[in-house]
Amino acid sequence: MSDTVIQVENLGKKYIIGHQQQERYTALRDVMANGAKSIGQRLLKPWGKQSANPAYEEFWALKDVSFEVKQGDRIGIIGRNGAGKSTLLKILSRITEPTTGKIRIKGRVASLLEVGTGFHPELTGRENIFLNGAILGMSKAEIKSKFDEIVDFAGIERFLDTPVKRYSSGMYVRLAFAVAAHLEPEILIVDEVLAVGDAQFQKKCLGKMEEVGREGRTVVFVSHKLGSVTTLTQHCLYLEEGKILACDETAKVIEFYTNRNLQVQLESIGNIKFYRKYILSDSPVYFINIYLESDKQKGEIVELQVNQAFIIFLTLEVKREVYRANIAINIKKSTGDIVTTILAWDSEYRVDLEVGITTLECRIEELNLLPGLYLLDVGINQSTQTKAWDVIVDYPAFRVINYGNSMIIHRSNRTCAILCNKVTWRKVS
Amino acid sequence: MTQELIIEAGRTEQQYWKDLWRYRELFYFLAWRDILVRYKQTIIGIAWALIRPFLTMVVFTIVFGKLAKLPSEGVPYPILVFAAMLPWQFFSNALSGCSNSLISNANLIAKVYFPRLIVPASAVIVSFVDFMISGMILLGLMAWYDFLPSWRILTLPFFIIIAFAASMGAGLWLAALNVKYRDFRYIVPFIVQFGLYISPVGFSSTIVPQEWRLVYSLNPMVGVIDGFRWAILGGDARIYLPGFLLSLGLVFGVLASGVWYFRKVERTFADVI
């Protein structure tokens with residue numbers, strides 16, 4: 001078809017991963033040592049089969065991926081960490097070669113895998129605009145004609161001749177995005193660049209991206225934030241372990257994804273390690289389990305009714321005694337938006353823990369969540385000034401469902417999370 | 001109608017040389033960046049490009065000319081040394097610049113597509129700018145000693161091209177190897193240091209016994225330096241032709257194989273860097 005701008009056929013990418021390798025690069029020494037070893041083996045056992053090296057293993061980051069993108073389409077790619085999203089983008093933007101398969105692309109491609117690629121700290125803002133523009137594929141004439149616009153967008157007129165190493169990180173990101181936003185490719189490939197900067201700036205970026213889409217240009221967009229994928233794209237690919245599991249309208253794919261996440265959660269209850277963001281080395285305490293109970297029934301649950309009080313249980317292993325610590329719990333929508341943050345300190349509860357295994361109860365009386373999947377972030381630290389000891393992120397904790405009230409069911413596809421139904425309406429005139 | 005781009009395993013070759021041309025502005029910008037950055041936050045700035053070769057020349061003149069009393073082919077010893085110092089500094093700077101260029105631009109390589117050949121090539125250009133600047137010292141020396149070059153100076157661009165080819169060829173090899181084997185980070189300074197003594201920089205290659213001249217020319221920089229001396233000094237300076245041709249052959253052999261090897265491993269750079 002003539003309006004297909006990206007056509008991907010049976011794409012595959014294989015990596016060889018070394019299990020014992022610490023460094024990402026090889027040292028000549030190892031190559032020579034391994035070479036000598038294999039020659040030695042061949043001399044000793046010339047008829048013997050070459051044993052497969054157990055230290056190396058094939059790994060298919062992408063396998064048999066095929067899809068098409070039409071002119072002016074905005075397509076999102078979602079999937080968990082390590083599902084092959086970034087690899088796919090890297091191949092699309094020609095940074096690395098596919099192992100198998102074929103891609104046809106019509107039109108000028110610009111890829112933004114990172115904001116501010118190639119910025120040089122020693123150079124001034126003015127110089128970096130030209131350098132970064134050239135790196136992103138703009139011609140010198142093009143940059144010159146858009147120079148004022150870029151400076152304006154970033155709002156850094158006064159610091160144009162200051163080396164960017166003296167910029168605040170906010171200014172740096174703004175300038176970097178300003179350059180990228182003024183690219184005019186026919187196809188734009190974007191990785192999670194929106195994850196940087198403050199909320200206001202992120203909004204600006206989203207706005208710019210929408211504008212790009214409206215102008216009829218093709219956008220391929222990867223993000224963890226299902227929220228921005230929903231607003232920005234019409235179609236979506238869901239990748240898991242290098243394969244496309246769903247490719248449809250965004251709303252349908254996201255539903256598929258959240259359902260699947262719940263399934264994974266059921267399989268991975270107790271597997272909290274999977275969601276650990278980081279743990280401080282020699283941390284005195286860490287989480288070993290998170291689970292929910294509801295008022296009405298005892299025992300662990302994963303489904304909750306609208307309007308139902310619930311209890312979050314946190315089981316911790318304590319290595320050293322801890323006094324007056326703080327625990328924070330984020331309740332998040334599956335799109336990643338935070339519904340609320342619960343701090344132990346808000347309820348004037350100081351966490352004192354003795355060595356051993358302890359379970360804490362956090363009872364939430366009233367939080368009227370709308371139907372949907374909810375995730376928890378859980379963290380523990382001494383105080384807000386110190387680095388957290390242990391942080392668990394995006395733990396798929398529970399799903400809110402609705403039995404009785406059919407009105408809510410029919411409106412379940414809302415972007416908000418909290419049901420506010422203690423409201424009275426009346427006519428005043 | 002915009003043209004169609006096909007990405008397929010092992011097929012990027014066809015696009016490559018076209019892309020190299022299309023990305024010429026990036027090439028220009030990278031070289032420009034490196035030149036700008038090179039002497040940022042230094043007090044005397046670009047003067048470093050003059051001071052380093054000048055001081056080396058002074059030391060060599062004293063050690064080889066005054067103390068060892070080596071022959072000077074009838075020209076002032078400082079000019080003899082400097083005529084060789086120019087291509088040698090160019091070569092050695094380009095070599096170390098090139099071999100580190102890919103590593104120091106690792107984030108670019110991992111995040112943006114462009115023909116990777118641009119990176120080491122722009123490193124060579126940066127050294128070439130230094131070369132032009134320190135060329136002014138040679139002019140100064142010539143004025144100081146009232147030395148007038150002959151018509152042969154007109155052939156100098158030809159020898160500069162050879163020096164270019166030598167730097168580029170060896171640089172490409174080392175740059176590509178350095179991505180995979182970081183050992184070359186330690187090997188390169190050694191090559192540069194060692195090369196200064198086995199190349200005829202501080203002395204004239206005529207002091208090498210006749211029967212060893214051909215073997216000596218296996219060092220490609222011997223041909224380049226002899227060529228520079230022949231063009232700049234005029235008069236008594238002679239080129240040992242078989243040796244020069246051997247060096248020339250080696251230079252272009254290294255360049256061709258360098259481009260071949262670089263192209264061969266380039267596609268995996270983003271994965272291993």
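What comes next is a walk through the structure. Since we're looking at a predicted model, the values are computed, not measured. (Residues numbered from 1 in each chain as written. Chains lettered and ligands numbered in written order. Predicted model: local features only at pLDDT ≥ 70, side-chain atom pairs only at ≥ 80, totals over all residues. Heavy atoms only, no water.)

Before going further, it helps to spend a moment on the sheet that holds strand β9 (residues 243-249) of chain A. All names here are of chain A. Strand order in the open sheet formed by six strands is β5-β6-β7-β3-β8-β9, with mixed pairing between adjacent strands. Looking at the sheet topology across the chains shown, the edges are occupied by β5 (109-112) and β9. Taking the axes of each pair of neighbouring strands and ignoring which way they run, one obtains an average angle of 15 degrees across the sheet. (Pairing = 2+ DSSP bridges. Helix = DSSP H or I, 4+ residues; strand = E, 2+ residues; numbered from the N terminus. Axes fitted to C-alpha atoms, helices over the stretch in contact; angles between N-to-C directions.)

Our focus in this paragraph is the nonpolar core. Formed by 133 residues in total, the largest nonpolar core has its most connected members in Ile78 and Ile129 of chain A together with Phe114 and Phe228 of chain B. The element best represented in this core is helix α4 (residues 77-104) of chain B, accounting for 16 residues. Leave out the neighbours within four places in its chain, and Ile129 of chain A touches Ile143, Phe147, Ile150, Val151, Leu160, Leu175 and Val179 of chain A. (Core = buried A, V, L, I, M, F, W, Y, C linked by side-chain atoms within 4.5 Å. Buried < 20%, exposed > 50% of the residue type's maximum accessible area, 1.4 Å probe, protein only. Contact = heavy atoms within 4.5 Å.)

Here we take up helix α5 (residues 169-181) of chain A. Count 3.6 residues to each turn of an α-helix, and residues three or four apart come out pointing the same way. The terminal C-alpha atoms of α5 of chain A lie 18 Å apart, and with 13 residues this matches the ideal 18 Å at 1.5 Å per residue to within 8%. Along α5 of chain A, the residues classified as buried are Met171, Val173, Leu175, Ala176, Phe177, Ala178, Val179, Ala180 and Ala181 of chain A. (Expected span 1.5 Å × (residues − 1).)

Attention now moves to a negative patch on the surface. All names here are of chain A. On the surface, Asp148, Glu149, Asp152 and Glu157 cluster together into a patch of negative charge. Structurally, Glu149 can be placed in helix α4 (residues 140-154). Judged by relative accessible area, which is 46%, Glu149 ranks as partly exposed. (Patch = residues over 30% accessible without salt bridge, like charges linked within 9 Å, V, L, I, M, F, W, Y side chains within 5 Å. Areas by Shrake-Rupley, 256 points an atom, 1.4 Å probe, with all protein chains shown as cover. Salt bridge = Lys/Arg side-chain N within 4 Å of Asp/Glu carboxyl O. Lys, Arg positive; Asp, Glu negative; His and termini not counted. Charge placed at Lys NZ, Arg CZ, Asp CG, Glu CD.)

Residues and elements named next belong to chain B. Within the fold, Pro76 resides in the loop between α3 (48-67) and α4. Counting along the chain gives 68 residues from Pro76 to Glu8, while the straight-line C-alpha distance between them is 60 Å. For Pro76, the residues in contact, after removing those within four places along its chain, are Tyr145 and Phe147.

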